[in-house]
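Understanding the architecture of this molecule
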Amino acid sequence: MDLFSIQDDQKRKPLAERMRPRNLDEIVGQKELVGEGKLLRKAIETDQISSLILYGPPGTGKTTLAKVIANHTAARFETVNAVAAGVSDIRKLVEEAKHARDFYQVKTIVFIDEIHRFNKSQQDALLPHVEEGLLTLIGATTENPFFEVNAALLSRSLIFQVQSLSHEDLRRLAQQALADEERGLGRYPVDVQEEALQHLIDYADGDARKLLNALELAVISTPKHAAGRIVIDLSIAEESIQRRTIRYDKSGDQHYDTISAFIKSIRGSDPDAALYWLARMLEAGEDPKFICRRMIIQASEDIGNADPRALQVAIAAFQAYEILGLPEGRIPMAQAVAYLATAPKSNASYMAINRAQQAVKEQKEIIQVPIHLRDAHYKGAKRLGHGEGYRYPHHFPGNYVPQLYVPESLLEYFPLYEPTENGYERVISERLRLWHNQNE
C-alpha cells in the first residue's frame, strides 16, 4: 500500500478513530491512571507492563490505552478478537510467543478487547501462559471483571477502572477535533453554537466515541450557509445524536423545581408522578447519584419506621446504580421510586431528631449524665458511685424495666419520638404504650 492509499484509508476512518491519542500526553482525562507519577503511566514509560484488566464504560479510552502501550513497548503486541477467536487461535498465539521468546528474546503482549466475551475454556487456555509469563495480558471490558473474568486470571492481573469522561474532558476533545486540520475537522469552516455543543456533551454521557461521531455527522451532513460557513445549531445537534433537548438547567430553577416535584410525589404516594419526574431528570442528564442520595434521605424522612425496609431499598438502588451505570441502572432506581412512593408514610423519626436538637440548643446549663447511667467499668469508677442503681433490663420480664435515662429536667421535652399508626409504626406505637403504662 503506497503513502496516498494510507492517507486515503486514514481519512475514511470515523473521526473518533482518527483522533485516537497516539501517546500518553494526548490522552484526555484519566489522570488517576496516567497522570504524572501514576503507576500505570510509569509502567508504560519504562516498558514494564504486567498483566492488567481495564474496566469501564464504552468510549472512555480502554482501547486507546492499549494502543498507546503498543506504541511504547518493545514487545510484540498482538490483538485478539474475543468474539471470533477460539482455543485454536490461542494455541497458535502461544506458539508464536514461544518462538519470539526463544529465538529473539522478545516478550509478547496480547490485547483482548471485550474479554468478558471469552468463555471459560478460552480463559483457561490463556491462564498457564499468563502464569508463567510467556504472555502479558491486557484485557478490556465494560462488565465488572470480578463477575466475568476467571478468578485465577484476575489474581494475576492489576485491575484499573477507567472512568467516564467529564464534561470538561469532552469539551476539550470536541475543540481539539474542530481545530485539527490533519486528523480532525479543522479543514471545514465550522461554527458550533454553544447550546449545540453543550447538548452533544450532555448526551454523550462520558463517551468520547459517541461525542466525536455525532460531531462529525453534524459537520459533514450540514450544508454551508450563504456566507460559506457550516453552522451547527441545537436542532442539528439533536438530530446528530438522536436526542431531543429537555429544558433543564442543572444549576438553576429547573433543577430545584424538578427534584422538588419528585420528592413531593413520593411523599404524596403517587408512584406514576414520581416515575415521570425520575425519567425527566435522567433524560435531562441529571446526576443519578444525586437522585439516589435524595431517595435515601426520603426513605428516612418521609417513611422511616412505618416501613424500615424503605431505607434498605434506597441504599440498594444506589449500590446497584454504581455497579451497573446507565442505562441499566435506571431499572433498580425505578424499582426503589415505586417502593418509596407506595410505602406507608411517617415523618416521626425526622421530627424526633429535630425536637431533640432543639432541646439540646435550649439548655442553659450543662446536662450531666445521671449517676446510674455512667460507665462503671474503668478503674475507680465504682468508688465514685458510677452505675449505682442501674437496673439491667435483661434481668426483668419482657427485657424491660422502668427507669429514667435522662435527668428529670429534660422530661418537659418528651416524648420526642411519636410514632404514627401507619405501617410498622403501629406495632412500635403499641409497644411504647405498653411500656409507658408500666411506668405509671
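Refer to the structure printed above.
None of the values given here were measured: they were computed from a predicted structure. (Residues numbered from 1 in each chain as written. Predicted model: local features only at pLDDT ≥ 70, side-chain atom pairs only at ≥ 80, totals over all residues. Heavy atoms only, no water.)

Side note on the overall build of the protein chain
Here is the rule we go by: Helix and strand labels come from DSSP, where a helix needs a run of H or I of at least four residues and a strand needs a run of E of at least two; each type is numbered from the N terminus. Radius of gyration: over C-alpha atoms. The globule rule applied is 2.2 Å multiplied by the number of residues raised to the 0.38 power. Three exposure classes are used, based on accessible area relative to the maximum for each residue type with a 1.4 Å probe and protein chains only: buried under 20%, partly exposed in between, and exposed over 50%. We call two residues in contact whenever any of their non-hydrogen atoms come within 4.5 Å of each other. Accessibility throughout is a Shrake-Rupley quantity obtained with a 1.4 Å probe, and a residue counts as covered only by protein chains that appear here. Positive charges come from Lys and Arg, negative ones from Asp and Glu, while His and the chain ends are left out of the count. Throughout, a charge is located at the NZ atom of Lys, the CZ atom of Arg, the CG atom of Asp or the CD atom of Glu.
Secondary structure summary: the protein chain contains 20 helices and seven strands in total. Taken against the 2.2 N^0.38 rule, which gives 22 Å for 440 residues, the C-alpha radius of gyration of the protein chain at 31 Å runs more than 25% over that of a compact globule. For the protein chain, the spread of C-alpha atoms along the principal axes amounts to about 100 × 65 × 40 Å. Classification of the 440 residues of the protein chain by burial places 41% in the buried group. Sequence-distant contacts in the protein chain: of pairs separated by 6 or more residues, those separated by 24 or more amount to 71%. A total accessible area of about 25,000 Å² is found for the protein chain, and carbon and sulfur atoms account for 52% of it. Between the mean site of the 53 positive side-chain charges and the mean site of the 61 negative ones, the protein chain shows a separation of 3 Å.

Overview of the packing of helix α16 (residues 288-303) against helix α17 (residues 309-324)
Two quantities define a packed helix pair, namely the angle between the axes and the distance from one axis to the other. Condition: Axes, fitted as lines to C-alpha atoms, cover a helix only where it is in contact. Angles between the N-to-C directions of the axes lie from 0 to 180 degrees. Here the angle decides the label: under 35 degrees means roughly parallel, over 145 means roughly antiparallel, 65 to 115 means roughly perpendicular, and every other value means oblique. Under the scheme applied here, ten amino acids are nonpolar (Ala, Val, Leu, Ile, Met, Phe, Trp, Tyr, Cys and Pro), four are charged (Asp, Glu, Lys and Arg), and all others, including Gly, are polar.
Where α16 contacts α17, the axes come no closer than 8 Å and their chain directions differ by 170 degrees. The pairing of α16 with α17 is recorded here as roughly antiparallel in orientation. For the pair α16 and α17, the contacting residues are Pro 288, Lys 289, Cys 292, Arg 293, Met 295, Ile 296, Ala 299, Ser 300 and Ile 303 in the first and Ala 310, Leu 311, Ala 314, Ile 315, Ala 317, Phe 318, Tyr 321 and Glu 322 in the second. Here the contact of α16 with α17 is composed, by residue class, of 13 nonpolar, one polar and three charged.

A look at the packing of aromatic side chains
This is how it is decided: Aromatic contacts are taken between Phe, Tyr and Trp rings whose centres are within 6.5 Å, Trp giving its six-membered ring; a plane angle under 30 degrees counts as stacked, one over 60 as edge-to-face, and the others as tilted.
In the structure shown here, the tally under the stated rule is two aromatic pairs. Arranged with centres 4.9 Å apart and planes meeting at 75 degrees, the rings of Tyr 276 and Trp 277 form a pair that is edge-to-face. Classification of Trp 277 by relative accessible area gives partly exposed; the value is 24%. Ring centres of Tyr 400 and Trp 435 lie 5.0 Å apart, and the angle between their planes is 10 degrees; this geometry places the pair in the stacked category.

A few points about the nonpolar core
Threshold: Residues grouped as a nonpolar core are buried Ala, Val, Leu, Ile, Met, Phe, Trp, Tyr and Cys residues, joined through side-chain atoms within 4.5 Å.
By size, the foremost hydrophobic cluster in this structure holds 29 residues, and its most contacted members are Leu 170, Leu 200, Leu 211 and Ile 232. Those elements that provide at least two residues to this core are α2 (15-18), α10 (167-179), α11 (194-204), α12 (208-220), β7 (230-232) and α13 (234-241). Top contributing element to this core by residue count: α12, with seven residues. With 23 residues, the next largest nonpolar core counts Leu 282, Ile 291, Ala 314 and Ala 317 among its residues.

Brief notes about α11
Because an α-helix completes one turn every 3.6 residues, residues spaced three or four positions apart along the sequence face the same direction. Buried residues of α11: Ala 196, Leu 197, His 199, Leu 200, Ile 201, Tyr 203 and Ala 204, and no others. For α11, the elements touching its buried residues are α10, β6 (190-192), α12, β7, α13 and α15 (271-283).

Re the environment of Gly 268
Secondary-structure assignment places Gly 268 in the loop between α14 (253-267) and α15. For Gly 268, a relative accessible area of 53% puts it in the exposed group. Here the alpha-carbon distance between Gly 268 and Ala 341, two residues 73 residues apart in the chain, equals 7.3 Å.

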